[in-house]
Number of protein chains: 2
Amino acid sequence: MKKVITISREFGSGGRTIGKLVAEKLGYAFYDGELIEKVASQTGLSPDYIKARGEYAPSGSSLSYSMMGRPDNGMATDDKMFAAQRKIILELAEEGNCVIVGRCADYILKDRADALHVFIHADKAFRADRIVRVYGSTSKKPEKRVEEKDKRRRVNYKYSTDRNWGDAHNYHISLDSGLLGIDNCVDLICVAAKAYE
Amino acid sequence: MKKVITISREFGSGGRTIGKLVAEKLGYAFYDGELIEKVASQTGLSPDYIKARGEYAPSGSSLSYSMMGRPDNGMATDDKMFAAQRKIILELAEEGNCVIVGRCADYILKDRADALHVFIHADKAFRADRIVRVYGSTSKKPEKRVEEKDKRRRVNYKYSTDRNWGDAHNYHISLDSGLLGIDNCVDLICVAAKAYE
């Protein structure tokens with residue numbers, strides 16, 4: 001039985017919901033928002049700051065800026081946040097029996113033999129439709145919201161891990177939630193997690 | 001129930017074996033070598049030629065040659081082969097209840113609603129070890145054999161489909177056979193295929 005399950009997911013794919021249901025089904029702890037607060041309390045950064053930065057490229061609006069080098073204080077804050085998140089994620093994994101959604105946990109825990117790494121994706125139409133149902137509509141087209149969030153996660157992941165977002169090799173199991181449906185994804189992940197005695 | 005299952009796989013990952021077992025378990029037909037012969041009989045190309053080309057980049061030893069342009073007859077032969085394979089794969093899918101391994105079937109059948117597309121991968125050490133057990137050793141190091149075959153499949157897939165080999169988005173389910181094991185992969189694929197009534 002795998003003791004730690006990390007879930008990386010595309011915006012609108014239902015990955016967070018899937019993670020929550022997997023945690024309930026296995027009787028595991030579930031970390032997402034709580035994790036952010038825990039990090040914040042350790043680093044002294046405000047929860048709002050961390051929440052906002054978590055979805056964005058390290059330099060904020062311009063990745064090229066971070067590539068070109070910039071004042072130490074900017075980089076140091078990003079690095080400090082990633083280091084603090086990393087520390088918390090390693091501690092949570094050590095406690096075991098948990099599901100961790102997002103925050104590059106797949107990368108941070110890549111060498112842990114008791115971890116199962118999952119990627120949840122779906123096509124853009126499915127996700128655009130789902131975010132309107134789940135989060136409501138805004139003045140921005142849902143397809144545009146999906147594209148922007150995808151880009152941020154992709155860039156953020158690449159910056160923090162130097163790996164390509166959505167590459168099947170980084171995960172033990174990758175699932176299309178649009179085709180398979182939320183419940184089937186939950187079942188498949190539980191089957192995979194239980195496959196180890 | 002999905003009527004067509006395509007399996008793309010890294011060399012040495014056990015993807016072909018998994019496909020065969022899935023077919024047995026579901027009572028489906030299994031196509032791999034037979035497919036090649038069937039293509040050959042239609043196109044007039046020899047089975048040996050097609051088998052060799054199937055694993056290689058379209059221009060043989062040099063991809064750059066094909067990029068730079070080359071005599072029509074070379075390109076025409078490759079295109080003729082791909083078109084013939086495509087035709088056969090579409091026909092097999094129409095018959096239904098089958099597992100098709102390799103040959104870009106995932107791409108060729110990407111718009112079929114009754115198809116489940118699977119990618120099987122594993123880390124290099126697992127695959128290097130497995131090919132020696134399954135295919136025996138050669139004068140070449142197994143890691144080198146794995147790398148070379150990976151490169152050929154990656155380039156061939158890119159050339160034929162303009163998609164990136166191993167991108168989770170191209171598949172409904174991607175599995176690490178090294179971690180999950182052959183039998184668990186078979187079970188997971190059958191569960192996913194049966195999830196549709």
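About the cut-offs
Residues numbered from 1 in each chain as written. Chains lettered and ligands numbered in written order. Predicted model: local features only at pLDDT ≥ 70, side-chain atom pairs only at ≥ 80, totals over all residues. Heavy atoms only, no water. Salt bridge = Lys/Arg side-chain N within 4 Å of Asp/Glu carboxyl O. Helix = DSSP H or I, 4+ residues; strand = E, 2+ residues; numbered from the N terminus. Buried < 20%, exposed > 50% of the residue type's maximum accessible area, 1.4 Å probe, protein only. Pairing = 2+ DSSP bridges. Axes fitted to C-alpha atoms, helices over the stretch in contact; angles between N-to-C directions. Parallel < 35°, antiparallel > 145°, perpendicular 65-115°, else oblique. Left-handed = near helix turned anticlockwise from the far one by under 90°. Contact = heavy atoms within 4.5 Å. Nonpolar A, V, L, I, M, F, W, Y, C, P; charged D, E, K, R; others polar.

All names here are of chain A. All chains considered together, the criterion is met by 25 salt bridges over all chains. Put simply, Glu-148 and Arg-152 hold a salt bridge, and the shortest N to O gap is 3.9 Å. Here Glu-148 and its partner Arg-152 are both found in helix α8 (residues 142-161), 4 residues apart, which amounts to about one turn of the helix. Residue class for Glu-148 comes out partly exposed when judged on its relative accessible area of 23%.

Moving on, we come to the pairing of strand β4 (residues 115-121) of chain A. Residues and elements named next belong to chain A. In terms of burial, β4 is a largely internal element, 7 of the 7 residues being buried. Alternating positions in β4 separate into two faces, Ala-115, His-117, Phe-119 and His-121 on one and Leu-116, Val-118 and Ile-120 on the other, with burial throughout. Note that strand β1 (residues 4-9) and β4 share 6 bridges and pair parallel. Bridge assignment links Arg-9 to a residue of β4, and that residue is Ile-120. Relative to strand β5 (residues 173-176), β4 is paired through 4 bridges, and the arrangement is parallel. Note that in β5 the partner of His-121 across the bridge is Asp-176.

Time to look at the environment of Glu-24 of chain A. By secondary structure assignment, the location of Glu-24 of chain A is in helix α1 (residues 15-26). Sequence-wise, Glu-24 of chain A and Asp-162 of chain A are 138 residues apart; in three dimensions their C-alpha atoms are separated by 32 Å.

Packed helix pairs are characterised by how far apart their axes lie and by the angle those axes make with each other. All names here are of chain A. At a minimum axis separation of 9 Å, α1 and helix α10 (residues 182-194) run at an interaxial angle of 50°. Classified by the angle their axes make, α1 and α10 are oblique. Viewed along their axes, α1 and α10 form a crossing whose handedness is right-handed. In this structure, α1 contributes Thr-17, Ile-18, Leu-21, Val-22, Lys-25 and Leu-26 to the contact, and α10 contributes Ile-182, Cys-185, Val-186, Asp-187, Ile-189, Cys-190, Ala-193 and Lys-194. Partitioned by chemical class, the residues of the contact of α1 with α10 number 10 nonpolar, 1 polar and 3 charged.

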